[in-house]
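Below are the chains, spelled out letter by letter.
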Amino acid sequence: MEITDVVCALCGCVCDDLVVEVEDNEVKKVKKGACSVGKSKLMGHGRIKSPAIRENGSLKECSYDDAIKKAAGILAAARRPLLYGWSSTVCEADKVGIELAEEIGAVIDNTASVCHGPSVLAIQDVGLPSCTLGEVKNRADLVIYWGANPTDAHANHMKRYSYISKGYWTAEGKKDKKLIVVDVRETKTAKVADVFIRIEQGKDFLVFSALRALLLGYEDVVPEEVGGVSKKDLLETVRLMKEAKFGITFFGMGVTQSTGRHNNIVNAIQMTRAAHTHTKFSIMPMRGHYNVNGFNQVCTWETGYPFSVDLSRGYAWYNPGETSSTDLLVRRECDAALFIATDPGAHFPGESIRHLSKIPVIQIDPFANPTTEFADVVIPAAISGVESEGSVYRMDNIPIRLRKVVDTEYLPDEEILEKILEEVRAIREKEGE
Amino acid sequence: MERMNARLISGRTIAQGQNLDNKLSEEYYNAVAICEMNEKDMEKIGVSADENVEVRTSYGEVVVKAKEGGGNPEGIAFIPMGPWANAVVSGDTHGAGMPQYKGIDAEIEKSEEKVLPVKELMQRYMG
């Protein structure tokens, strides 16, 4: 059976025009629409077969009920629990997660913390002159990727939304557009650019400042070289920006994970504002997971803050740097952690993992990964967007509904969390008696 | 044996992404337990492609397989994001919540040690 308009649950592009062949309740082929990374996810990998609890150093298979009871017991007894992940699952699950965090006075944080968290901080500082990817597709004649390598990380981005896509006012696709790539490395994206600007590692802030100065007419204050970029190249970049009818800067981890962090993004946004004195210009973070943005939306409407929210005080307290996962773990503050749809074992600094190996850890995930190696309770889940449906937010804040294409015996994240919450409430009620 | 100073960057690659849900596999190990370097830097430390290098920072050390290229200029080394890169990145967030995943000062030299499979690598954090 052919299923059309399947939505890809992999990266922030959330491509929604996939065609998938399903037979005997199994995805046999991804016929259209997905990049190689999305296709790999839809075709599937080895699953966690059963819930399990660690006993004497080894995971022992158990029932869903036993794993959920064990998880609830750990969370109800914890004094400083961390609930982390939430970006590769749906908004409905995120909502229950926040309710659970409130119930047990946990810190709840999502993968933005180690991704575009600095962008969120910058946006709170100075706002974000942005747009939708549809506007980019139909209008942009100048595309800048800064510290972002979509060819590897968002493989359909250029084709669907930016440089290669054909839009209403850009009918000839890339013939109507210019592509500038700013990066430390000559990435695959840099190789197809009209202009590649190699920047010295960690000097993004300086180069944004120089471009701001030039856009605002202060050529005299810009030295002959800034951050490894010649003044000649800076002037040429500014010429292209001024001549564009509609420009867009997409920025990635090259900017958020380097020295300067949110300050780099503040300056990138101010550069966009400086460009507004000449033409239409927009800016957008290249959000990684398909629903990293969705968690930030849900968390904001539920608690007032987008991520790294500490609910231990009985009200929401937000202070990334203090209430963010890495800081909590490096300070060895947490005494229990729940990880859902994420893999800190692979993606957190070693220093954080060292602490995680010493505290009770609950993992909810369809797939075994490095986190499984130290998890004490492992709860397998349905794959959102393949085996269960739900709402997600694309990188440009557009909500899209994920489809279910095959049935499964595994419980969806939302249901697992609801069961844990119910069990936690029962324990607390009993304790209160 | 010659040793070099480098600035280390970690980040996504297509092969890393294709194996995101397959991290205990050989495909993931082959895609992620690597260090891409400029050819001149490899020559400098006397290492050829697919030989092992030890990457050492103030935060830890890890052995990975050297690979040519990746578009790195001299002095820049790249390890795909994952447990091998994270063995040597900093957990200091500079008060912003974000660890230093890019721009870490590192020393790199040829190594005869083996590249640890992911399960053995995780064992280093236990106990």
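Procedures and definitions
- Residues numbered from 1 in each chain as written.
- Chains lettered and ligands numbered in written order.
- Predicted model: local features only at pLDDT ≥ 70, side-chain atom pairs only at ≥ 80, totals over all residues.
- Helix = DSSP H or I, 4+ residues; strand = E, 2+ residues; numbered from the N terminus.
- Rg over C-alpha atoms; globule rule 2.2 N^0.38 Å.
- Buried ≥ 20, exposed ≤ 12 C-beta atoms within 10 Å, placed from the backbone.
- Contact = placed C-beta atoms within 7 Å.
- Core = buried A, V, L, I, M, F, W, Y, C linked by C-beta atoms within 7 Å.
- Nonpolar A, V, L, I, M, F, W, Y, C, P; charged D, E, K, R; others polar.
- Domains from an automatic or database assignment.
- Pairing = 2+ DSSP bridges.
- Axes fitted to C-alpha atoms, helices over the stretch in contact; angles between N-to-C directions.

1. Section: the overall build of chain B
Then comes step 1: Of the regular secondary structure elements, chain B holds five helices and six strands.
Then comes step 2: Helices (α) and strands (β) of chain B occur, in sequence order from the N terminus, as β-α-α-β-α-β-β-β-α-β-α.
Then comes step 3: Radius of gyration (C-alpha) of chain B: 14 Å, near the 14 Å computed for a compact globule of 127 residues.
Then comes step 4: Projected onto its principal axes, the C-alpha coordinates of chain B cover approximately 35 × 35 × 30 Å.
Then comes step 5: Considering chain B as a whole, with its 127 residues, one finds that 54% of them fall into the buried category.
Then comes step 6: A sequence separation of at least 24 residues applies to 75% of the contacts in chain B between residues at least 6 apart.

2. As for the nonpolar core
Then comes step 1: Formed by 183 residues in total, the largest nonpolar core has its most connected members in A:Ala71, A:Leu75, A:Ile420, B:Val55 and B:Val64.
Then comes step 2: Once residues lying within four places of it in the same chain are set aside, the contact partners of A:Leu75 are A:Pro81, A:Ile104, A:Ala336, A:Leu338, A:Ile420 and A:Val424.

3. Overview of the interface of chain A and chain B
Then comes step 1: Contact residues are listed per partner, giving 54 residues for chain A and 43 residues for chain B.
Then comes step 2: Residue assignment for the side of chain A that touches chain B shows that the elements contributing at least two residues are α1 (36–43), α4 (117–126), α6 (150–153), α11 (253–256), α14 (325–330), α15 (344–347) and α16 (350–356) of chain A.
Then comes step 3: If one sorts the elements of the side of chain A that touches chain B by residue count, α16(A) sits on top with five residues.
Then comes step 4: A per-class count over the side of chain A that touches chain B returns 19 nonpolar, 24 polar and 11 charged.

4. Structural notes on the domain arrangement of chain A
Residue and element names in this part refer to chain A.
Then comes step 1: If you check the domain split of chain A, you get domain 1 (46–112 + 290–432) and domain 2 (117–285).
Then comes step 2: For domain 1 and domain 2, the distance between their C-alpha centres works out to 34 Å.
Then comes step 3: Between domain 1 and domain 2, the contact holds nine residues from the first and seven residues from the second.
Then comes step 4: Residues that form the side of domain 1 that touches domain 2 fall into these classes: six nonpolar, two polar and one charged.

5. Quick word on the sheet that holds strand β14 (residues 280–285) of chain A
Strand pairing in a sheet is mediated by backbone hydrogen bonds. Such pairs are either parallel or antiparallel.
All names here are of chain A.
Then comes step 1: An order of β10-β9-β8-β13-β14 is seen for the five strands of this open sheet, with the pairing classed as parallel. With partners counted over all chains shown, the strands left at the sheet margins are β10 (195–198) and β14, one partner each. Going from strand to strand, the sheet's axes swing by 15° on average, the running direction of each strand aside.
Then comes step 2: Sheet strands touched by helix α12 (residues 262–275): β8 (142–146), β13 (246–251) and β14. Its angle to β14, the strand with the most contacts, is close to 165°.

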